[in-house]
Amino acid sequence: MKIVTYNVNGLRPRIAQFGSLLKLLNSLDADVICFQETKLRRQELTADLVMAEGYESFFSCTRTSERGRAGYSGVATFCRVKSAFNSDEVALPVAAEEGFSGLLGELDTVAEGLEEFSKEELLQVDGEGRCVVTDHHHFVLFNLYGPRAGGDDTERIKFKLNFYKMLQKRWESLLRQGRRIIVVGDLNIAPTCLDRCEAEPEFENNQFRRWFRSMLVENRGSFFDVFRAKHPDRREAYTCWSQSSGAEEFNYGSRIDHILCAGLCLHQEQDLENHNFVACHVKECDILTQYKRWKPGNSLRWKGGQRSIKLEGSDHAPVYTSLLELPNICQHSTPRLSARYIPMVRGLQQTLVSLLMKRKVSEVDEINIKESCSETETSLPDQCGTPCSSSSQDFGFRSSRTIECSSGFANEAACDTLVTLSSEPTKTRPGNETKKKAKGSQLSQLSLRSFFQKSSIPSKSNRADSGTESTQIDISESNHLPNETPMPTNQSGSVEQCVLHSSASIRDADQDELAACSLKKEKNSLALLEWQRLQQVMQNSIPLCKGHREPCVPRVVKKQGPNFGRRFYVCARAEGPASNPEANCNYFKWAASKPRNNKG
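Residues numbered from 1 in each chain as written. Predicted model: local features only at pLDDT ≥ 70, side-chain atom pairs only at ≥ 80, totals over all residues. Heavy atoms only, no water.

In terms of regular secondary structure, the protein chain is built from 14 helices and 17 strands. Counting all 600 residues of the protein chain, 39% fall into the buried class. Taking contacts inside the protein chain between residues at least 6 apart in sequence as the whole, the part at least 24 apart equals 70%. Carbon and sulfur atoms form 50% of the exposed surface of the protein chain, whose accessible area is close to 35700 Å². (Helix = DSSP H or I, 4+ residues; strand = E, 2+ residues; numbered from the N terminus. Buried < 20%, exposed > 50% of the residue type's maximum accessible area, 1.4 Å probe, protein only. Contact = heavy atoms within 4.5 Å. Areas by Shrake-Rupley, 256 points an atom, 1.4 Å probe, with all protein chains shown as cover.)

On the basis of which strands lie adjacent, the open sheet formed by 6 strands has the order β3-β4-β2-β1-β14-β13 and mixed pairing. With one partner strand each, in any of the chains shown, β3 (55-60) and β13 (282-287) form the two edges of the open sheet. For this sheet the average axis-to-axis angle between neighbouring strands, irrespective of direction, equals 15°. In this sheet, strand β4 (residues 75-80) lies alongside strand β2 (residues 32-36) in antiparallel orientation, the contact comprising 5 bridges. Counterpart to Phe35 in the pairing with β4 is Ala76. Helix-sheet contacts for helix α2 (residues 21-28) involve β1 (2-7), β2, β3 and β4, and the interaxial angle to β2 is about 115°. (Pairing = 2+ DSSP bridges. Axes fitted to C-alpha atoms, helices over the stretch in contact; angles between N-to-C directions.)

A few words now on a nonpolar patch on the surface. A surface patch of nonpolar side chains, about 300 Å² in accessible area, is lined by Leu528, Trp531 and Leu534. Locating Leu534 in the fold gives a position in helix α14 (residues 495-541). (Patch = residues over 30% accessible without salt bridge, like charges linked within 9 Å, V, L, I, M, F, W, Y side chains within 5 Å. Salt bridge = Lys/Arg side-chain N within 4 Å of Asp/Glu carboxyl O.)

What follows is about the environment of Asn276. As for its position among the elements, Asn276 is in the loop between β12 (257-262) and α8 (277-281). Classification of Asn276 as buried rests on a relative accessible area of 16%. The spatial distance from the C-alpha of Asn276 to the C-alpha of Ala262 is 8.2 Å, given a sequence separation of 14 residues. Once residues lying within four places of it in the same chain are set aside, the contact partners of Asn276 are Phe224, Gly263 and Cys265. Here Ala279 takes part through its backbone nitrogen, which lies 2.7 Å from a polar atom of the side chain of Asn276. (Polar contact = N/O pair within 3.5 Å; in protein donor to acceptor, adjacent residues only side chain to side chain.)

Counted according to the given criterion, the structure contains 19 salt bridges. Here Arg255 ties to Asp195 by a salt bridge, and the two come within 2.7 Å at their closest N and O atoms. With Arg255 in the loop between β11 (253-254) and β12 and Asp195 in the loop between β8 (181-186) and α6 (207-214), this residue pair connects regions lying 60 residues apart in the sequence. A single burial state applies to Arg255 and to Asp195, both of which are buried. It is possible to trace a salt-bridge network through shared partners that takes in Asp195, Asp225, Arg228 and Arg255.

The residue Ala591 is located in the segment after β17 (588-590) in this model. Taking the C-alpha atoms as reference, Ala591 lies 5.4 Å from Arg567; in sequence the two are 24 residues apart. When sequence neighbours within four positions are dropped, the list of residues in contact with Ala591 reads Arg566, Arg567, Phe568 and Tyr569.

Glancing now at α2. If you check which residues of α2 are buried, you get Leu21, Leu24, Leu25 and Leu28. Considered in projection along α2, the buried side chains sweep an arc of 95° and stay on one side of the axis. For α2, the secondary structure elements touched by its buried residues are β1, α1 (11-18), β2, α3 (47-50), β3 and β4. Immediately beyond the C-terminal end of α2, within one or two residues, lies Asp29, with a positive phi of roughly 50°. (Arc of directions from axis to C-beta.)

Taken across its 6 residues, β8 has 6 buried, putting it largely inside the fold. Judged from the 6 bridges that link them, β8 and β12 form a sheet pairing that is antiparallel. Residue pairing for β12: Ile181 is matched across the bridge by Ala262.

Turning to the sheet that holds strand β16 (residues 567-570), a few remarks are in order. The antiparallel open sheet is built from 3 strands, whose spatial order is β15-β16-β17. In the strand order of this sheet, the two ends are held by β15 (553-556) and β17, each with one partner. Averaged over all adjacent pairs, the angle separating strand axes in this sheet is 30°, with direction ignored. Examined bridge by bridge, β16 and β17 share 3 bridges and lie antiparallel to one another. Paired with Tyr569 across the two strands is Lys589, which belongs to β17.

The next point concerns the packing of α1 against α2. Direction vectors running N to C along α1 and α2 enclose 85°, while the axes themselves pass 7 Å from each other. Viewed along their axes, α1 and α2 adopt a mutual orientation that is roughly perpendicular. Contacts between α1 and α2 involve Leu11, Arg14, Ile15 and Phe18 from the former and Leu21, Lys23, Leu24 and Ser27 from the latter. Taken together, the residues of the contact of α1 with α2 break down into 5 nonpolar, 1 polar and 2 charged. (Parallel < 35°, antiparallel > 145°, perpendicular 65-115°, else oblique. Nonpolar A, V, L, I, M, F, W, Y, C, P; charged D, E, K, R; others polar.)

The structure is reproduced here in structure tokens:
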């Protein structure tokens, strides 16, 4: 059995990177796949994001409305199974739980071991979508996304302390019950100096690192750090790299994605020395470095500040472990937390009663429409063209349209509805033909010359003698275009003179347009020259780093404090070890807050 943990840094971009959710899951080739930082809200869980053939999934999404936290974090566990029902596979959990407090489940009861915490405290921790618990009979799997807390962010430090304190209580309770525990995920903790590039002397004194090490077997704790149990002395084994500094180029990172195990092995000879879950059932644990964005042989994209090439992938690398000798379990079906039961995925199932009620209401509405329209038939004036009919033909389209008609409607509205739906021919109202012509003229815009064609304008006397209705608008009554001189109605001049006059107006308009265009081009050229001048001034003001004598890159302080919003310059190269001359030289300089006075 293979378990993979992977901080995807957004599930949507990873699915887009691989082409589909199924391709992403199959590429990892594992029985249980645990994602962190999915960045999905509950209402965004659609089938293309949560369902893949041959997998069952379990999600936890952020529930907080706190600013900056909506759509943040989130974890998901995907289990590869042959059948979601009546299965004896270990990969398919017998139970699943969103969060670890017990308050987000169907029972809404505090989990054992957490009674000392209030419901408000537990819900606050579970509200950020940082944990999914799945019970696989042989072990209980915790998929975690640990909180991040800056050095001076007291609020988040307190949150992180509560998060791990509550988790420890839950783990201790399960261990007292004789359960085995596997913890996977991005815990946002690098436990030792071996797990951080160029760690400072005080690195291991951090309170969270001390807590992590206190949970390990070598410090009389209950958990094994599975990676270190298999590779105790491996260096530069990192799982996360800073995106902003390009640290992945020089493998300047941290190991914060972990797999921990606690509990006895499945063998009956429990009294034998060195019998534990890791020694007996863990075959291998390693980092899947092939998923790193930076591949060996890539050119230095940060050298000289050239950062136009964007690396595809997460800023984390997956970690996996392989388990041995896990026998099948009794038959069971997928738990209710499975994503297949989410309404946005499954759809809302209608009951037979609700369906019959909707049909009954529809029939009543149809009867009301017929009665309302039949009552208005004899009282309506002859303004609708023809008498209204309430025959069945009048409602021939009711099955494809929703028509609301009640006794409160005016008689005219009822008649209009029937005339619209009636399949019988009706007389055209006065002015309808003119409206149709006007609409047609809007759809097909004619040129100015087409209004003065002799063949298309019959004389007024001919129209009067023929006795037919006029189908064209007289030239003298038509709307005039801008800069166009109207033709007087009593003028007997030829159409050729009007054409010449209009042509002169068109030439004047063309000349005005050309002049406006040339003026606009001139303004754009001046603006471009000014922008190029400003860019040159800015380029000349950018300092050169001392290590490489290359132009620095500007940055802005985004952290709240006295320097918030202030600009500064740093070396443009990627962050790396100080011993590497190709890496960042750590040059730093504040930008001038005010323009310098050049007067001597």
